[in-house]
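A structural walkthrough
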Amino acid sequence: MAVALSENSSDAHKHGLFFVFAAGVLWSTVGLGIRLIEDAVVWQILLYRSISMSGFLYLLIRIRSGKSPFTLIRRAGFPGVIAGLSLVAAYSGGIFAIQNTSVANAMLLFATAPFMAAVLGRFLLREPVRRATWVAICVAIGDIAIMVSDKSGGVALMGSLAALGSALGFAVFTVALRWGKTVEMLPSVFLSGLFAIGITVYICVAQGLPLSISAHDGGIAMGMGVFQVGAGLVLYTIGSRSLPAAELALLSLAEVLLGPFWVWLFLGERASMYTLVGGLILLVAIAGNALSGKRRTPPPITAP
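None of the values given here were measured: they were computed from a predicted structure. (Residues numbered from 1 in each chain as written. Predicted model: local features only at pLDDT ≥ 70, side-chain atom pairs only at ≥ 80, totals over all residues. Heavy atoms only, no water.)

1. Considering the packing of helix H4 (residues 69-100) against helix H9 (residues 186-206)
Between H4 and H9, the least distance of the axes is 6 Å, while the angle of their chain directions is 60 degrees. One finds that H4 runs oblique with respect to H9. Our pair here, H4 against H9, has a crossing hand that is right-handed. Contact residues: H4 offers Pro69, Phe70, Leu72, Ile73, Gly80, Val81, Ala83, Gly84, Leu85, Leu87, Val88 and Tyr91, while H9 offers Pro187, Ser188, Val189, Phe190, Leu191, Ser192, Leu194, Phe195, Ala196 and Ile199. Broken down by class, the residue content of the contact of H4 with H9 amounts to 18 nonpolar, four polar and no charged. (Axes fitted to C-alpha atoms, helices over the stretch in contact; angles between N-to-C directions. Helix = DSSP H or I, 4+ residues; strand = E, 2+ residues; numbered from the N terminus. Parallel < 35°, antiparallel > 145°, perpendicular 65-115°, else oblique. Left-handed = near helix turned anticlockwise from the far one by under 90°. Contact = heavy atoms within 4.5 Å. Nonpolar A, V, L, I, M, F, W, Y, C, P; charged D, E, K, R; others polar.)

2. What to know about helix H10 (residues 215-239)
With 25 residues, H10 extends 34 Å between its outermost C-alpha atoms, agreeing within 8% with the 36 Å of an ideal straight helix rising 1.5 Å per residue. The sharpest bend along H10 measures roughly 35 degrees and falls at methionine 224. (Expected span 1.5 Å × (residues − 1). Bend = angle between axes of the 7 residues up to and from the residue.)

3. Focus on the packing of aromatic side chains
Describing an aromatic ring pair means giving the distance of the ring centres and the angle of the ring planes. This model, assessed by the stated rule, comprises nine aromatic pairs. Arranged with centres 6.3 Å apart and planes meeting at 55 degrees, the rings of tyrosine 58 and phenylalanine 70 form a pair that is tilted. Here tyrosine 58, found in helix H3 (residues 42-65), pairs with phenylalanine 70, found in helix H4; they are twelve residues apart in sequence, far enough to count as distant. For tyrosine 58, a relative accessible area of 29% gives the class partly exposed. Ring geometry for phenylalanine 261 against tryptophan 264: centres 5.9 Å apart, planes inclined by 40 degrees, an arrangement best described as tilted. Here the residue phenylalanine 261 and the residue tryptophan 264 both occupy positions in helix H12 (residues 253-267), the gap between them amounting to three residues, near one helical turn. (Phe/Tyr/Trp six-rings, centres within 6.5 Å; stacked < 30°, edge-to-face > 60°. Buried < 20%, exposed > 50% of the residue type's maximum accessible area, 1.4 Å probe, protein only.)

4. Remarks on the environment of alanine 132
Within the secondary structure, alanine 132 is located in helix H7 (residues 131-148). For the pair alanine 132 and alanine 285, spaced 153 residues apart in the sequence, the C-alpha separation amounts to 9.4 Å. If we skip the residues at most four places from it in the chain, alanine 132 touches Asn289 and Ser292.

5. With respect to a nonpolar patch on the surface
Together, Leu36, Phe261, Trp264, Leu265, Phe266 and Leu267 make up an exposed nonpolar region whose accessible area comes to about 580 Å². In terms of residues, the nonpolar patch owes the most to one element, H12, which gives five residues. Here phenylalanine 266 shows up in helix H12. (Patch = residues over 30% accessible without salt bridge, like charges linked within 9 Å, V, L, I, M, F, W, Y side chains within 5 Å. Areas by Shrake-Rupley, 256 points an atom, 1.4 Å probe, with all protein chains shown as cover. Salt bridge = Lys/Arg side-chain N within 4 Å of Asp/Glu carboxyl O.)

6. Some words on the pattern of salt bridges
The final tally for this structure, using the stated rule, is two salt bridges. Glutamate 269 serves as the salt-bridge partner of arginine 35, at 2.7 Å between the closest nitrogen and oxygen. You can see arginine 35 sitting in helix H2 (residues 30-36) and its partner glutamate 269 sitting in the loop between H12 and helix H13 (273-292), a full 234 residues away along the chain. Take arginine 35: its relative accessible area is 25%, and that puts it in the partly exposed class. The closest approach of N and O atoms between glutamate 127 and arginine 178, which form a salt bridge, is 3.4 Å. Placement of glutamate 127 in the loop between helix H6 (113-124) and H7 and of arginine 178 in helix H8 (residues 155-179) is noted, with a sequence separation of 51 residues between them. Overall, the relative accessible area of 27% leaves glutamate 127 in the partly exposed class.

Structure below.
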């Protein structure tokens, strides 16, 4: 009996590794997807991506739980609203960052989100932060200075700041989920899609941007909503149930490492020396923080 349980646990662990790594691979293609957009701007991209993501998640949540996603959103309450709005900020900042700085720079700055979440959780939720995490946060702050030090007051600097804003949005999303005593992502992500649709339609109309875009740009944006954001979150949710927090943090590096690789492989985009040096320091900080807490287990994930 003990042997059978051990084998089942081992299989679950292997499956979890595969699902979470696959999620990172899907998320890593976001930079390539944005680069392939020809004419659409950030608000148009986000609009079409949100439409497809919301439709995909509605069907998935309905099939998975047998309940209306709107019922689950009402249960999430105010923390769910904060989580949804913070994701809209994260999406917007992420798309703007990739359009205005290198994919490598944007991806590496996105990776500061866990550290931001640790600080916010400490001050807003009184959650303890390990000493190793504080050290990693200090290293990350210095690292960010290195990565943006070669950016003048132009577009590239704005892209870097947008990437940090995107990371902050994801950090607020994480803290809001903890505040609501749940780490179930899908209902809040579905809500973020609805918010994004409303907000982006308003901004497009206010700025005189057409709501219709080319079939090429619309197809890429809607494909990202289903196969990158939507499917990636589903795989991550499934895999994270059987993995400790340290392994989740390390596997999340797949997104950071592969993102620049795809744009280099298909589009020939290269990272600057500042980005490479800063990225190496950041990856060491993330890996060191994860490995130092490898005995810590993640909180249980509540099914919708």
